[in-house]
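Residues per chain are reported as follows:
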Amino acid sequence: HLVLPRCTLKRYSNKKTTAQKQLSVYVRNMQLAFWSILFGAVPIIMSDDLEKVQKDGLFQGYTWVVFTIIVFQAITGLLVGFVMKYADAVLKGFATSVAVVLATILSIVIFHDNVNMLFLVGSALVILAVRTYTNNPPVVSGGEAKSDAK
């Protein structure tokens, strides 16, 4: 429903929090969670479901599958926070790609989803790119290999 505003604000908040490197991962996650809560609550308040939520609660109709997805998303958020704090830009892109591949693999195992050939080719390319990057670290000026460890 509100995908475009959420994406825009997430991009803005990512830029803002990336500029604030001294903040802990937990504080950064709280900053991002504030916007999620705000933009998640607005559609509920403005919809016809507000009375249902007030009567039966926010978690009405949730199953173990929904709670599992919420837990995985929370863990993913923490991992993204750690990656944002300690990794360079290329590694962040690889982390995102690997996360998509792993989430899809989990989806196949847990929910018996089907994948097409395009996903398999894309997964192979992600794995190849990560392997190539890790076997050939970037070179900074002066000819030395840059270390990502801090």
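Residues numbered from 1 in each chain as written. Predicted model: local features only at pLDDT ≥ 70, side-chain atom pairs only at ≥ 80, totals over all residues. Heavy atoms only, no water.

On to the overall build of the protein, then. Counting secondary structure elements, the protein contains six helices and zero strands. Mapped from its N terminus to its C terminus, the protein presents α and β elements in the order α-α-α-α-α-α. The buried share of the protein, taken over its 150 residues, is 14%. Contacts in the protein between residues at least 24 apart in sequence constitute 57% of all its contacts with a sequence separation of at least 6. (Helix = DSSP H or I, 4+ residues; strand = E, 2+ residues; numbered from the N terminus. Buried < 20%, exposed > 50% of the residue type's maximum accessible area, 1.4 Å probe, protein only. Contact = heavy atoms within 4.5 Å.)

What follows is about the layout of surface pockets. Roughly 750 Å³ of volume is contained in the second largest pocket. If you trace the second largest pocket, you find 23 residues lining it, with Phe72, Thr76, Ala99, Val100 and Ala103 closest to the centre. Considering every element that reaches the lining of the second largest pocket, the biggest residue donor is helix α5 (residues 89-111), with 12 residues. (1 Å grid on protein atoms, 1.4 Å probe; cavity = no way out; pocket = protein on both sides within 12 Å on 5 of 7 lines; lining within 4 Å. Points joined across faces, edges and corners; volume = space filled by probe spheres on them.)

Let us now look at the confidence of the model for the protein. When pLDDT is averaged along the protein, the result is 77; 78% of the residues meet or exceed 70. Predicted confidence in the protein is weakest over helix α1 (residues 3-19), with a mean pLDDT of 59, and strongest over helix α3 (residues 50-56), with 88. (pLDDT = per-residue confidence, 0-100.)

Moving on, we get to the environment of serine 24. Examined against the element boundaries, serine 24 turns out to sit in the loop between α1 and α2 (25-46). Take serine 24: its relative accessible area is 29%, and that puts it in the partly exposed class. For the pair serine 24 and lysine 85, spaced 61 residues apart in sequence, the C-alpha separation works out to 8.4 Å.

It is worth spelling out the packing of helix α4 (residues 64-86) against α5 at this point. The N-to-C vectors of α4 and α5 enclose an angle of 160°; their axes lie 11 Å apart at closest approach. What the angle tells us is that α4 and α5 run roughly antiparallel. Handedness of the crossing formed by α4 with α5: right-handed. Residue-level contacts link Val65, Phe72, Val83 and Met84 of α4 to Lys92, Ala95, Leu106, Ile110 and Phe111 of α5. Here the contact of α4 with α5 is composed, by residue class, of eight nonpolar, no polar and one charged. (Axes fitted to C-alpha atoms, helices over the stretch in contact; angles between N-to-C directions. Parallel < 35°, antiparallel > 145°, perpendicular 65-115°, else oblique. Left-handed = near helix turned anticlockwise from the far one by under 90°. Nonpolar A, V, L, I, M, F, W, Y, C, P; charged D, E, K, R; others polar.)

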